[in-house]
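Chain residues, written in single-letter form:
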Amino acid sequence: MHHIDAFRIPCSGPGDATGLQDLLSRGVLAAADIVAVMGKTEGNGCVNDFTREYATNALAQCLGGWLGMAPQDVQRRVAFVMSGGTEGVLSPHWTVFTRRAAQPHRAASGDKRLTIGIAFTRDFLSEEIGRMPQIEATAAAVAQAMRDGGIDDASDVHFVQVKCPLLTSAQMAQARARGAVTVTADTYESMAYSRGASALGVALATGEVDAAQVGDAVVLRQWQLYSSVASVSAGIELDHNVVIVMGMSARASSDLVVAHAVMADVIDAGAVRSAMTALGLPQTDGIVNVFAKAEASPDGVVRGQRHTMLVDSDIHSTRHARAAAGAVVASVVGNGMVYVSGGAEHQGPPGGGPVAVIARAHQAGEGGA
């Protein structure tokens, strides 16, 4: 089994790999042990947010030097997920996950500890994005990542981070030229379709929905179908899905634990505290990072009061939601360096989204979650 560790690293910009380079140089972590990197970059989080690709390339270039590999080969080895948008108090940073052989004496204790598995889907055709092929491929990748992380039971899955592609104008034109029809002709809307289909794939893999319930027609329509552990970010920098599954296992030897809750809306601070309580955290000192999804409630109302996030023609609602939820999460944990991603289609109930907390077990309750 595995021994997992996690490092939260501040950065001065999307191309800043100096913090990672420093940890590698000092031997704090080994490049060969890195399995996943999740980052918050300071772009707009929209179709033309190239900070995500810039960050991935910079980090892959850094690791390539240590591993003796080309950056593109590093990206086939390490699961990179970059989420654009650090509105409000959100602070750009990387969360680097390492995985090495478990320490037998620690794993033998029987306490469940954090484990992580990764997987990659094949590249998608433009007409497959937002439809059943993406749902099914994501479900298969989640199952593969669970096996990779040694997670036997879906109830031990606490957060599934997916990075998925979007549709560009050029890709849609190429699809039309070969007689194919894409799910939408709007590039921004394609992000939502890709996120939604990927989230339903997570829900299918974790048993939160049945195979008979999912199909092309339910994506972005049947909002009662969702995953309580899925977090999906779309980007221009890839053509496939990257999957990171975070869960707990009695065979893992890490001193890290993870728990999750579901935010009912973007101001649900209670859900963050619930995840902390599940870990027995009396304070925030032991927290390594918090991961959350956020979206503007699609009915235009938050707790009975009208909001204007959906009708602002200058700033898209995903940017409003990230800023709002980011401030809520940061206020609870006392740190703006948290991972909050916008666009929560089929990721938690409408207007809400999952939130997960990773903490040190010795500072949390005995045995963790």
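Note that the structure is a prediction, hence the values are computed from the model and not measured.

(A) Representation of the packing of helix α5 (residues 132-149) against helix α7 (residues 187-206) in the model. Relative orientation of the contacting elements α5 and α7 amounts to 45°, with a least axis distance of 7 Å. Between α5 and α7, the interaxial angle falls into the category oblique. In this structure, the crossing between α5 and α7 has a hand that is right-handed. Contact with α5, carried on its side by Q134, I135, T138, A139, V142 and A143, involves Y193, S194, A197, S198, L200, G201, V202, L204 and A205 of α7 and no other residues of that element. Of the residues in the contact of α5 with α7, the class split is 10 nonpolar, five polar and no charged.

(B) Molecular detail of the packing of aromatic side chains. A complete count under the given rule lists three aromatic pairs for this structure. Measuring from ring centre to ring centre gives 6.4 Å for F97 and F291, while their planes differ by 35°; the resulting arrangement is tilted. Of this pair, F97 sits in strand β4 (residues 93-101) while F291 sits in strand β10 (residues 287-294), placing them 194 residues apart in sequence. Judged by its relative accessible area of 0%, F291 is buried. With a centroid separation of 5.8 Å and 50° between ring planes, the pair formed by F291 and Y339 is classed as tilted.

(C) Summary view of the side chain of K40. On the secondary structure map, K40 appears in strand β2 (residues 34-41). Despite being buried, K40 has no salt bridge partner; E87 is the closest side chain of opposite charge, sitting 5.9 Å away. Within polar-contact distance, the side chain of K40 engages the side chain of S83 at 2.8 Å. Discounting chain neighbours no more than four positions away, the residues touching K40 are S83, G84, G85, T86, P92, H93, W94, R322, V338, Y339, V340 and S341.

(D) Structural context of the pattern of salt bridges. As enumerated under the stated definition, the model contains 16 salt bridges in all. Where R319 meets E87, a salt bridge forms, and the shortest distance between an N and an O atom there is 2.7 Å. Placement of the pair is R319 in helix α9 (residues 317-333) and E87 in the loop between β3 (79-84) and β4, with a sequence separation of 232 residues. In this structure R319 comes out as partly exposed when scored by relative accessible area, which is 28%. By relative accessible area, which is 12% here, E87 ends up buried. Residues R195 and E345 are paired through a salt bridge, measuring 2.8 Å at the closest nitrogen-oxygen approach.

(E) Looking closely at helix α8 (residues 269-278). Of all the positions in α8, only A269, A271, V272, A275 and M276 are classed as buried. The buried residues of α8 all sit within an arc of 165° when viewed along its axis, so they share a single face. On its buried face, α8 sits against β9 (256-263), β10, α9 and β14 (353-360). Just beyond α8, the residue with positive phi is G280, at close to 70°.

(F) Representation of the environment of L167 within the structure. Examined against the element boundaries, L167 turns out to sit in the loop between β6 (157-165) and α6 (169-177). The spatial distance from the C-alpha of L167 to the C-alpha of A185 is 8.5 Å, given a sequence separation of 18 residues. Beyond its immediate sequence surroundings of up to four residues, L167 is in contact with S126, I129, M172, T182, T184, T187 and S190.

Basis of the calculations
Residues numbered from 1 in each chain as written. Predicted model: local features only at pLDDT ≥ 70, side-chain atom pairs only at ≥ 80, totals over all residues. Heavy atoms only, no water. Axes fitted to C-alpha atoms, helices over the stretch in contact; angles between N-to-C directions. Helix = DSSP H or I, 4+ residues; strand = E, 2+ residues; numbered from the N terminus. Parallel < 35°, antiparallel > 145°, perpendicular 65-115°, else oblique. Left-handed = near helix turned anticlockwise from the far one by under 90°. Contact = heavy atoms within 4.5 Å. Nonpolar A, V, L, I, M, F, W, Y, C, P; charged D, E, K, R; others polar. Phe/Tyr/Trp six-rings, centres within 6.5 Å; stacked < 30°, edge-to-face > 60°. Buried < 20%, exposed > 50% of the residue type's maximum accessible area, 1.4 Å probe, protein only. Lys, Arg positive; Asp, Glu negative; His and termini not counted. Salt bridge = Lys/Arg side-chain N within 4 Å of Asp/Glu carboxyl O. Polar contact = N/O pair within 3.5 Å; in protein donor to acceptor, adjacent residues only side chain to side chain. Arc of directions from axis to C-beta.

What is shown is where atoms sit, not what they do.
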